[in-house]
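# Structural overview
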Amino acid sequence: MESKYNYFKRDISWLSFNYRVLLEALDERLPLYERINFISIYSSNLEEFYKIRVADHKAVASGATESDEETVQSARELVEEINKEVTRQLDDRVRIYEQKILPALRKNHIIFYQDNHVEPFHQQFIKDFFREEIFPYLQPVPVSKDKIVSFLRDNRLYLAIRVYPKKEEKNKGEETKENIEKYTGECINERNDGEGIKVGMEAARPNVTDLRQPLYFVMKQPYAKVPRFIELPSREKNHYLMFTEDIIKANLNLIFPGYDVDSSYCIKISRDADILIDDTASSADLVAQLKKKVKKRKIGDVCRFVYDRAMSSEFLDFLVDAFRIQRDELVPGDKHLNLEDLRHLPNPNKSLHSLEKPKPMKLTVLDEKESIFNYVAKKDLLLYYPYHSFEHFIHFLYEAVHNPETREIMVTQYRVAENSAVINTLIAAAQNGKKVTVFVELKARFDEENNLATAEMMQAAGIKIIYSIPGLKVHAKVALIRRRGLNGEKIPSYAYISTGNFNEKTATLYADCGLFTCRKEIVADLYNLFRTLQGKEDPKFTTLLVARFNLIPELNRLIDREISLADEGKQGRIILKMNALQDPTMIDRLYEASEHGVQIDLIVRGICCLIPGQSYSRNIRVTRIVDSFLEHARIWYFGNDGTPKVFMGSPDWMRRNLYRRIEAITPVLAPDLRDNLIEMLDIQLADNQKACWVDDKLQNIFKKRTPGTPAVRAQYTFYDWLNKTNS
């Protein structure tokens with residue numbers, strides 16, 4: 001039966017989130033290079049979005065794959081809607097970059113040339129730098145509609161160039177023809193340059209009957225050899241920067257002697273990066289599939305062709321035909337593409353200060369002399385990353401390694417850092433005679449190779465490795481330290497449930513929570529979960545909520561409780577913090593609760609398919625926070641008539657998380673820790689610096705500070721609160 005409710009489209013909602021990331025570049029309260037970094041993040045997010053989400057829709061639209069959720073027509077319409085919104089956002093991105101960022105750089109004595117006017121005192125330097133540092137690595141490849149088969153590599157920046165042979169006197173015409181044939185023959189005759197581009201001399205020959213016919217070339221930018229951004233000599237108090245491609249453009253006449261260079265534009269291809277594997281395969285077959293298919297990621301089908309929107313229509317038409325681009329793959333860009341590289345923009349003005357982010361603090365109750373085991377044996381411990389140091393978790397594992405009563409260490413691995421201290425500690429545990437079991441999710445997108453290599457390294461060290469479950473992803477972030485006394489007596493074991501990965505790098509960038517506990521009911525449930533991952537039993541969970549087992553029934557019971565309270569004239573209250581809200585069934589339950597008068601606040605960083613401001617959602621408010629750290633924690637609050645129930649764990653309310661993954665959520669049972677989480681939620685809802693409302697048109701409406709009220713920047717306010725309570 002068709003629902004009476006409406007929802008935002010998932011991908012259009014995501015674009016609204018990414019646009020909110022871009023808006024951080026407008027915030028003049030931030031250090032300048034922090035603002036520039038948000039343009040980089042926006043661009044990087046968009047690249048991955050096209051490689052995965054748009055590529056999926058295009059596969060459906062082309063009839064290559066089937067979908068339970070989309071028809072061919074709806075997929076085509078959605079791709080068109082996405083491209084339209086991305087093009088609209090480009091206008092704002094260009095405006096922010098050109099009218100805000102570049103003038104701010106100039107104000108701080110950093111002149112960033114944008115391929116237009118270059119000061120006379122730099123022109124010789126640019127020419128010399130080109131000849132000595134760039135020219136040896138350039139390989140122009142001719143492009144022909146009919147006789148050339150070209151392959152552009154994924155996310156590589158190319159320069160598309162159109163030239164005309166110079167007009168010569170008649171007696172020099174044959175010489176020009178010979179020069180063209182010699183040049184193109186020597187450079188590219190029947191070669192494969194390792195980039196998958198194979199060309200022949202015939203393809204490069206101009207029409208000798210009309211030497212003014214245009215010739216087209218593409219040239220890959222040599223960023224493996226030359227930085228994207230070049231620092232030019234300073235002058236007085238000014239510093240100068242330039243894109244490498246602009247230096248190349250300024251010297252194209254040296255690359256094409258005997259030609260008039262007509263125009264040149266940057267282009268790039270984004271390719272489908274998803275890996276289609278047989279999800280029902282055994283572990284051994286899955287490993288073999290991944291090893292083979294991950295290598296093909298960079299040669300996937302085209303999902304977008306990005307070009308400088310200043311390019312003439314006839315130039316673009318030629319490239320579309322030559323590279324066999326579909327019209328729905330065309331996405332206009334600015335003259336400089338791949339702006340995710342801006343995170344590497346040099347800062348020659350050392351007086352420009354960087355953002356003073358909160359430094360991870362160590363708990364005073366857990367100094368180097370204090371055993372985490374001893375502390376957690378007495379009371380639960382909740383850490384907040386990146387405000388608290390991730391070293392506490394490393395120390396927790398280190399204690400397990402050297403504790404003679406440790407019998408087994410069990411951990412899930414979804415995404416880990418390279419050269420991970422977590423993995424090194426687990427290897428040390430195995431070498432120290434401990435039994436170590438690690439569940440490795442091989443299907444963690446873009447981390448398949450790293451996870452597989454790490455798993456093989458651990459296996460070689462004697463660690464028992466359990467690979468992906470057929471048909472499921474394991475997204476739970478949990479660890480279990482099983483202990484028994486040396487004389488066989490029972491002593492406390494330890495459970496750790498987190499909202500984030502066991503990853504030292506992301507623990508300094510993502511805002512997450514991790515709970516340590518010795519509570520017997522949670523330890524027993526977590527042990528049952530690990531046995532389930534090993535395929536040993538059909539578990540019963542008494543305290544933990546586990547997706548695909550008891551999570552959905554308990555969520556429905558909790559929502560029903562708040563509805564009943566509202567119907568009785570009491571306060572029904574729900575606060576849900578998560579990364580994404582997409583599952584229509586659970587959204588319907590929230591709509592229903594709103595209709596009964598339950599007051600609902602959603603703190604959703606990314607995708608939110610629930611539409612506020614409707615008759616059936618009049619009691620629902622949606623808050624989005626984008627700031628220094630990526631809000632990643634999932635925390636759920638249910639008022640329960642004054643005795644709140646608070647949960648934390650790994651899942652968002654997406655179909656995939658609730659129905660197709662193994663996720664783990666724990667209730668926070670210690671009253672003081674529960675109250676601390678409620679304090680964090682209250683601070684986030686009070687944010688009037690970095691929070692915005694998401695309205696019924698997916699607009700990001702910044703919350704305004706009421707006169708006379710304090711400024712609340714949630715991440716920094718909460719850090720200060722934690723610092724004051726660190727005793």
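See above for the structure.
Here's what I pulled together on the structure shown here. (Residues numbered from 1 in each chain as written. Predicted model: local features only at pLDDT ≥ 70, side-chain atom pairs only at ≥ 80, totals over all residues. Heavy atoms only, no water.)

The subject of this paragraph is the pairing of strand β13 (residues 406–413). For β13, the buried fraction is high: 7 of the 8 residues fall into the buried class. Across 5 bridges, β13 lies against strand β17 (residues 477–483) in antiparallel orientation. Pairing of Thr406 across the sheet is with Arg483, part of β17. Here β13 pairs with strand β14 (residues 435–440) via 6 bridges, running parallel. (Buried < 20%, exposed > 50% of the residue type's maximum accessible area, 1.4 Å probe, protein only. Helix = DSSP H or I, 4+ residues; strand = E, 2+ residues; numbered from the N terminus. Pairing = 2+ DSSP bridges.)

If you trace the backbone, Lys107 turns up in helix α3 (residues 72–107). Linking Lys107 and Asn238, residues 131 residues apart in sequence, is a C-alpha distance of 9.8 Å.

So, on to the nonpolar core. In this structure, Leu590, Leu602, Leu610, Trp636 and Trp653 are the most contacted members of the largest nonpolar core, which totals 84 residues. Considering every element that reaches this core, the biggest residue donor is helix α2 (residues 32–61), with 11 residues. Apart from residues no more than four positions distant in its own chain, Leu590 is found in contact with Ile559, Leu576, Leu581, Ile600, Leu602, Leu610, Ile620 and Trp653. One finds Phe390, Val411, Ile463 and Tyr496 within the second-largest nonpolar core, a separate group that totals 43 residues. (Core = buried A, V, L, I, M, F, W, Y, C linked by side-chain atoms within 4.5 Å. Contact = heavy atoms within 4.5 Å.)

The subject of this paragraph is the pattern of salt bridges. All told, the structure shown has 44 salt bridges when counted by the stated rule. We note a salt bridge from Arg304 to Glu47, for which the minimum N-O separation is 2.7 Å. Within this pair, whereas Arg304 is found in strand β10 (residues 302–308), its partner Glu47 is found in helix α2, the two being separated by 257 residues in sequence. Residue Arg304 is classed as buried on the basis of its relative accessible area, which comes to 6%. (Salt bridge = Lys/Arg side-chain N within 4 Å of Asp/Glu carboxyl O.)

What follows concerns the environment of Pro651. By the element assignment, Pro651 lies in the loop between β26 (645–649) and α18 (655–659). Considering only alpha carbons, one finds Pro651 and Ala476, 175 residues apart in sequence, at a separation of 7.8 Å. Not counting residues up to four positions away in its chain, the partners in contact with Pro651 are Leu551, Arg634, Trp636, Asn657, Glu663, Ala664 and Ile665.

Let's shift gears to helix α17 (residues 584–595). Over its 12 residues, α17 extends 16 Å from the first C-alpha to the last, a length consistent with the 16 Å expected when each residue adds 1.5 Å. Burial of α17 is extensive: 9 of the 12 residues sit out of reach of the surface. The set of residues buried in α17 consists of Pro584, Met586, Ile587, Asp588, Arg589, Leu590, Tyr591, Ala593 and Ser594. Here the buried face of α17 lies against α16 (551–567), β21 (573–578), β22 (599–604), β23 (620–625) and α18. Phi turns positive, to about 100°, at Gly597, one or two residues after α17. (Expected span 1.5 Å × (residues − 1).)

The next thing to look at is empty space enclosed by the protein. Counted by the stated rule, this structure contains 6 cavities of 30 Å³ or more. What the largest cavity holds in volume is close to 250 Å³. Lining the largest cavity are 20 residues; nearest its centre among them are Ser43, Leu46, Leu90, Arg93 and Arg304. When contributions to the lining of the largest cavity are tallied by element, the ones reaching two or more residues are α2, α3, β10 and β11 (330–333). (1 Å grid on protein atoms, 1.4 Å probe; cavity = no way out; pocket = protein on both sides within 12 Å on 5 of 7 lines; lining within 4 Å. Points joined across faces, edges and corners; volume = space filled by probe spheres on them.)

Quick look at the sheet that holds strand β1 (residues 110–113) now. Strand pairs in the sheet, formed through backbone hydrogen bonds, run parallel or antiparallel to each other. On the basis of which strands lie adjacent, the open sheet formed by 3 strands has the order β1-β8-β7 and mixed pairing. Each having just a single partner strand, β1 and β7 (229–235) make up the two edges of the open sheet. The mean inter-strand angle of the sheet, taken between neighbouring strand axes irrespective of direction, is 25°. Sheet analysis places β7 next to strand β8 (residues 238–243), joined by 5 bridges and oriented antiparallel. Counterpart to Phe229 in the pairing with β8 is Phe243. (Axes fitted to C-alpha atoms, helices over the stretch in contact; angles between N-to-C directions.)

Buried residues dominate strand β12 (residues 381–385), accounting for 5 of its 5 residues. Looking at chain direction, β12 and strand β19 (residues 510–517) are connected through 5 bridges and run antiparallel. Paired with Tyr384 across the two strands is Cys513, which belongs to β19.

Moving on, we come to α2. For α2, spanning 30 residues, the distance from its first C-alpha to its last is 42 Å, which sits close to the expected 44 Å at 1.5 Å a residue. Of all 30 residues making up α2, 24 are buried, and the element is well covered by its neighbours. Downstream of α2 by a residue or two, Gly63 has a phi angle that is positive, lying close to 85°.

Now for the layout of surface pockets. If you add up the space inside the second largest pocket, you get close to 450 Å³. In terms of residue count, helix α15 (residues 520–533) provides more of the lining of the second largest pocket than any other element does, 4 residues in total. Split into classes, the residues belonging to the lining of the second largest pocket amount to 7 nonpolar, 1 polar and 6 charged. (Nonpolar A, V, L, I, M, F, W, Y, C, P; charged D, E, K, R; others polar.)

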